[in-house]
Amino acid sequence: MKKILYLQCESGISGDMTVGALLNLGASEDVLRKALASLPLTGYEIRISQVQKAGLATTDFLVQLDATHKNHDHDMNYLYGFQHGVQESHHHHHHEELGHHHDHAQEQVAEKEHQHRHEHRTFQDVKAILEAGQLSAGALTLAEKIFAILGEAEAKAHGTTLDAVHFHEVGAVDSIVDIAATAVCLDNLGIQEVVIPVLNEGKGSVRCAHGILPIPVPAVAAIAEQYHLPLSIMDAAGEYVTPTGAAIAAAIATTNTLPHRFTIEKIGMGAGKREQERPSLLRAMLLAVPEEDLPAEEKTEDIIWKLETNLDDSTGEALGHTMEQLLAKGAKDVEYTPVYMKKNRPGTLLTVICTEEKRQTLERVIFQETSTIGIRRVKMERTILTRKENLVETSLGLVRVKTVEIPTAEGTEIRSYPEYESLAAICQQTGRGYWDVYQEVMGEISVK
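For the structure given in this document, a descriptive report is provided here. (Residues numbered from 1 in each chain as written. Predicted model: local features only at pLDDT ≥ 70, side-chain atom pairs only at ≥ 80, totals over all residues. Heavy atoms only, no water.)

One can find Ser280 in the loop between β9 (263-271) and β10 (281-289). Sequence-wise, Ser280 and Glu10 are 270 residues apart; in three dimensions their C-alpha atoms are separated by 8.9 Å. In terms of polar contacts, Ser280 uses its side chain to reach the backbone carbonyl oxygen of Arg274, at 3.3 Å. (Helix = DSSP H or I, 4+ residues; strand = E, 2+ residues; numbered from the N terminus. Polar contact = N/O pair within 3.5 Å; in protein donor to acceptor, adjacent residues only side chain to side chain.)

Below is the structure:
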């Protein structure tokens, strides 16, 4: 029986909700406190408590900041007070408790003070903090991976590079603690596989350090684009998926599909701080899955489907769009082959490789995006290699590397391959050629 973590993000995901859910699931509070205390980070204290949220017993993980590091992450009036008659109707009671409203001038002053107080850190600064602590190797690797994803998204949103981006909210003390705590808890629980079928997000706008932005905010949208996160926009106003939460989901999710059969070993509930239309709750379930029901990626042999159709009246633009849609919906591979069809008409053979779970979805995409009226399909057996993906530090920066295990007569051979997107980003940043960068990175990762 393999144990898998299932995160049910019906009300989005954030850093504090994730840590609370993992603690509620059984992660050691003592291990967490010891790891966080080892980080060279000041200006906060940790409060872990059992609270009622929407009538349910949950764990609340609070990073209590001192006055110097205080932010507006959970200040509903700051986040949504600009939407008079819309958001305020959802949070009227909360606003009365605050006892005041900012006028425009006050908001500008508060915004400048807010930005001034925030500690701006680079990715290397954050790495140095994490590496100076006493985190386990697994927790350190995961924490750096989450921050790298977050940094790449911030860099894309602001038109800069990972090394040049300066973190604002996400580089503040509470987010560093949330990310480190998530990594420590997952490592402590021994979690290796995570299922996240969907991230529910709200709609409207939210105020942050860069002004009033549409939801999902640019960093979340960038992460969703890069890692194909399965988003669903709810009919509820407000930000439910935070940049930290999106980065965590992108870093730990191994599949979007639940096993065909499983038993629930344990349930953990984490509480968020924001009081919005939907209660901020994250449910984590530890699943036990029989070997025969494991996802295909966990087996050395599995079954896939090959879908085919011939097209003779599609433009290059239409074919390109179709490929993007198929890959976004979960196709393992998509290819086009030039063919000659009946009456010597030049055409294109579309071939899609997919799992059983994705077959019907991808067939719908093919019918919707092309002019075909029929799809051939065949079920095929295949042998696959055990593989994993990691972020590796090189002299040129962080590179995403895929590692596979190849069985040989003498045992197992390990091969590593840098991912194209990471190398392309380095080429763009440095102006060097792809083959030159590829050879240098391969030379470094082959000796790691």
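Attention shifts here to the packing of aromatic side chains. Evaluated as defined, the whole model comprises 3 aromatic pairs. On the basis of an interplanar angle of 40° and a centroid distance of 5.7 Å, the ring pair of Tyr420 and Tyr434 is categorised as tilted. Of this pair, Tyr420 sits in helix α13 (residues 420-430) while Tyr434 is found in helix α14 (residues 434-445), placing the two residues 14 residues apart along the sequence. For Tyr434, a relative accessible area of 34% corresponds to the partly exposed category. With centroids separated by 5.4 Å and ring planes inclined at 15°, the aromatic side chains of Trp435 and Tyr438 adopt a geometry described as stacked. On the criterion of helical spacing, the pair formed by Trp435 and Tyr438 is a turn pair, its members being 3 residues apart in helix α14. Taken together, the ring pairs connect Tyr420, Tyr434, Trp435 and Tyr438 into an aromatic cluster. (Phe/Tyr/Trp six-rings, centres within 6.5 Å; stacked < 30°, edge-to-face > 60°. Buried < 20%, exposed > 50% of the residue type's maximum accessible area, 1.4 Å probe, protein only.)

Moving on, we get to the sheet that holds strand β15 (residues 386-394). Strand pairs in the sheet, formed through backbone hydrogen bonds, run parallel or antiparallel to each other. Sheet architecture is open: 3 strands sit in the order β15-β16-β17, paired in antiparallel fashion. With one partner strand each, in any of the chains shown, β15 and β17 (411-418) form the two edges of the open sheet. On average, each strand axis in the sheet is inclined to that of its neighbour by 30°, with strand direction left out of account. Along the sheet, helix α7 (residues 137-158) makes contact with β15 and β16 (397-408), crossing β16 at roughly 130°. (Pairing = 2+ DSSP bridges. Axes fitted to C-alpha atoms, helices over the stretch in contact; angles between N-to-C directions. Contact = heavy atoms within 4.5 Å.)

As a further point, take the pattern of salt bridges. Under the definition given, this model contains 20 salt bridges. Salt-bridge contacts for Lys156 lead to Glu225; the nearest nitrogen and oxygen are separated by 2.5 Å. Here the residue Lys156 occupies a position in helix α7, and Glu225 occupies one in helix α9 (residues 218-227), the gap between them amounting to 69 residues. Residue class for Glu225 comes out partly exposed when judged on its relative accessible area of 48%. Taken together, the shared-partner salt bridges connect Asp16, Asp60 and Lys273 into one network. (Salt bridge = Lys/Arg side-chain N within 4 Å of Asp/Glu carboxyl O.)

What describes two packed helices is the angle between their axes and the distance between those same axes. At a closest axis distance of 9 Å, the pairing of α13 and α14 adopts a crossing angle of 120°. Where α13 crosses over α14, the handedness of that crossing is right-handed. On α14, the residues touching Tyr420, Leu423, Ala424, Ile426 and Cys427 of α13 are Tyr434, Val437, Tyr438 and Val441. Here the contact of α13 with α14 is composed, by residue class, of 9 nonpolar, no polar and no charged. (Left-handed = near helix turned anticlockwise from the far one by under 90°. Nonpolar A, V, L, I, M, F, W, Y, C, P; charged D, E, K, R; others polar.)

This next bit is on a nonpolar patch on the surface. On the surface, a nonpolar cluster with roughly 250 Å² of combined accessible area is contributed by Phe262, Ile264 and Ile267. For Ile267, the location among the structural elements is in strand β9. (Patch = residues over 30% accessible without salt bridge, like charges linked within 9 Å, V, L, I, M, F, W, Y side chains within 5 Å. Areas by Shrake-Rupley, 256 points an atom, 1.4 Å probe, with all protein chains shown as cover.)

A separate point is the nonpolar core. Counting residues in hydrophobic clusters, the biggest one holds 75 residues, and the most contacted among them are Leu32, Leu36 and Phe61. If one sorts the elements of this core by residue count, helix α8 (residues 173-189) sits on top with 10 residues. When sequence neighbours within four positions are dropped, the list of residues in contact with Leu36 reads Tyr44, Ile46, Phe61, Val177, Ala180 and Ala181. Membership of the second largest hydrophobic core comes to 14 residues, among which are Leu319, Ala331, Leu350 and Val352. (Core = buried A, V, L, I, M, F, W, Y, C linked by side-chain atoms within 4.5 Å.)

Note that all results are geometric; they support no functional claim without further evidence.
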